[in-house]
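Coordinate inspection notes
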Amino acid sequence: KEDHIVVKLKIGFRLLLDENFSGNVFKLVEIISYGGKGEFSSERIGARKEYDAKVVYYDEEVSSREDEVSGRIDLAIPLKICSPKDGIPHLFSTIMYPSVYSFITEFQVMHIDFPDSFLKIMGGPKYGISILDKPNIQPKIGLILKPRSILNQNIANEIVYKAGEAGIDFILDDELTLNPDEWPFIERVSFIVNLCKVLKEETNKDVKYITNITSTYPRALKYAKLAEKIGVDGIMINCITMGYDLIQVLSKDKKFKPFIIANVIGRTLMSGGPKYLISEHLISYLARLSGADAVYTGAFVGNIKSRKEKASLFSWALVDPLSNKYPIKPSFAVMSGGLDARKLLENYHIYSNPSMLAMGLSFCNLIENNVAPKIVMEIIEEIF
């Protein structure tokens, strides 16, 4: 329905004497809806009904324990409780609130479906996969600048120019590089932006540069404006440590031109379980809804979960239009972390939607050891 969000939960309850699964389901509903049992004499008549969460579906699992039971619940939560105007922070607070109660022994947020009214306000990416030239040519291959805190002008000059000349599509700051003493933000960003301009003039290679701005909210805004003034193509934000608000603010700002990448460093601490988690595809999904043009997914190779299952969930989260009335632009999936040429191909075989595959030390070390990056890129392009 247009006035509800549907949340799919895997839930566990600690049972007291004479309690059962269904009774605890409705206790959970009361907690989310208005904080528990008991009407007050001065309540507006009918108010509780307006704020009631609805049980769409529930299924109890077989348990070998008498004092604990688990199962699955689909809850429809009215927008009166979590208005789209209050965004992801209040939505997350609403959904996660019951997890702190002592009778809850497991709380996994498996999926969320939003009505068109929520999608309309969230808006999604400003640019989507159009951030890189010729978006239909896949995948995009990028370079993460290494070594992290001790990167300097001489290293960057060598690595960036050779990688760009070889045909790399984008240059990306390391996720933890921000404003180190070795090479502060303004100096580093200005140098690399200028180097990319020289690269384009001399080789006609258009390499996009993305800088990290993850910080406190006011400092991140300051970094974003500085980066835009210097001339970066994109900025990167960690939506796990900072949340989704900054992404949404910058995406909705029509005057702010750089595209936005959301990284999810620390996601495993939220979605790694075993009993309390948010499904990892939802982390990326909410970043896209907030306005990220590209979102980290992690590598698919070596994942324990069925690769096809994981890829299909991320396809929904990052590519599916989500709504016929208010379609959301697709976002790139960004994969990094120990990627080499072989793993690039393996990941792309599993997830063949628009993707940005970023190599760090595996590529930087080749350049450092005088292996011609142009040959490496020719091999990668030939394989793909």
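Residues numbered from 1 in each chain as written. Predicted model: local features only at pLDDT ≥ 70, side-chain atom pairs only at ≥ 80, totals over all residues. Heavy atoms only, no water.

Here's the deal with the overall build of the protein
Which entries qualify depends on this criterion: The secondary structure listing takes helices from DSSP runs of H or I that are at least 4 residues long and strands from runs of E that are at least 2 residues long, numbered from the N terminus. For a compact globule the rule gives 2.2 Å times the number of residues to the power 0.38, and the radius of gyration it is set against comes from C-alpha atoms. Under the scheme applied here, a residue whose accessible area is under 20% of the maximum for its type counts as buried, over 50% as exposed, and between as partly exposed, the area being computed with a 1.4 Å probe on protein chains only. Every residue pair with non-hydrogen atoms within 4.5 Å of one another is taken to be in contact. Only the protein chains shown count as cover for residues, and all accessible areas are computed by the Shrake-Rupley method using a 1.4 Å probe. Charge assignment: positive for Lys and Arg, negative for Asp and Glu; neither His nor the chain ends contribute. Here the site of a charge means atom NZ of a Lys, CZ of an Arg, CG of an Asp or CD of a Glu.
When its secondary structure is counted, the protein shows 14 helices and 13 strands. The C-alpha atoms of the protein give 23 Å as radius of gyration, which agrees with the globular expectation for 384 residues (21 Å, within 12%). Looking at the protein residue by residue over its 384 residues, the buried ones come to 51%. A separation threshold of at least 6 residues defines the contact pool for the protein, and within that pool the share at least 24 residues apart is 75%. If you sum the accessible surface of the protein, you get close to 18200 Å²; carbon and sulfur atoms cover 53% of it. Seen as two clouds, the 46 positive and the 47 negative side-chain charges of the protein have centres 4 Å apart.

Let's talk about helix H11 (residues 307-318)
Keep this limit in mind: In a helix, the anticipated span is given by 1.5 Å times the number of residues less one.
When the terminal C-alpha atoms of H11 are compared, their 16 Å separation across 12 residues agrees well with the 16 Å that a helix rising 1.5 Å per residue should span. Turning to H11, its buried residues are Lys310, Ala311, Phe314, Trp316, Ala317 and Leu318.

Let's talk about the pattern of salt bridges
Definition in use: Any Lys or Arg side-chain nitrogen located within 4 Å of an Asp or Glu carboxyl oxygen qualifies as a salt bridge.
Enumeration over the complete set of coordinates arrives at 18 salt bridges. Across the pair Asp74 and Lys8 runs a salt bridge whose closest N-O atoms are separated by 3.0 Å. With Asp74 in strand S3 (residues 68-78) and Lys8 in strand S1 (residues 4-14), this residue pair connects regions lying 66 residues apart in the sequence. By relative accessible area, which is 13% here, Asp74 ends up buried. For Lys8, a relative accessible area of 29% corresponds to the partly exposed category. Residues joined by salt bridges that share partners form a network here, namely Arg65, Asp67, Glu68 and Lys275.

Here we look at the packing of helix H10 (residues 280-290) against H11
Put simply, the rule is: Interaxial angle, 0 to 180 degrees, is taken between N-to-C directions of lines fitted to C-alpha atoms, where a helix line uses only the stretch in contact. Orientation is classified from the angle alone, with under 35 degrees giving roughly parallel, over 145 giving roughly antiparallel, 65 to 115 giving roughly perpendicular, and any other angle giving oblique. In this scheme the handedness of a crossing depends on how the near helix is turned from the far one: anticlockwise by less than a right angle means left-handed, clockwise means right-handed. Amino acids are sorted into nonpolar (Ala, Val, Leu, Ile, Met, Phe, Trp, Tyr, Cys and Pro), charged (Asp, Glu, Lys and Arg) and polar (every other residue, Gly among them).
Close contact between H10 and H11 brings their axes to 8 Å; oriented N to C, the two are set at 15°. Classified by the interaxial angle, the pair formed by H10 and H11 is roughly parallel. Every pair of crossing elements has a handedness; the one defined by H10 and H11 is right-handed. On H11, the residues touching Glu280, His281, Leu282, Ser284, Tyr285 and Arg288 of H10 are Lys310, Leu313, Phe314, Trp316, Ala317 and Leu318. Class assignment for the residues of the contact of H10 with H11 results in seven nonpolar, two polar and three charged.

What to know about the pairing of S1
Filter applied, for reference: Here a strand pair is declared whenever DSSP counts at least two bridges between the two strands.
The element S1 is largely enclosed, with a buried count of eight among its 11 residues. Alignment of S1 against S3, held across 11 bridges, turns out to be antiparallel. The residue of S3 that forms the bridge with Lys10 is Arg72. In the sheet, S1 pairs with strand S4 (residues 104-113) via eight bridges, with the strands oriented antiparallel. Bridged to Gly12 within S4 is Glu106.

Considerations on the sheet that holds S4
Strand order in the open sheet formed by five strands is S2-S3-S1-S4-S10, with mixed pairing between adjacent strands. In this open sheet, the two strands that pair with only one neighbour each are strand S2 (54-60) and strand S10 (276-278). The average undirected angle you get between the axes of adjacent strands in this sheet is 15°. Most of the contacts of helix H1 (residues 21-34) go to S3, to which it runs at about 35°, and overall it touches S1, S2, S3 and S4. Lying over the sheet, H10 contacts S4 and S10, oriented at roughly 45° with respect to S4.

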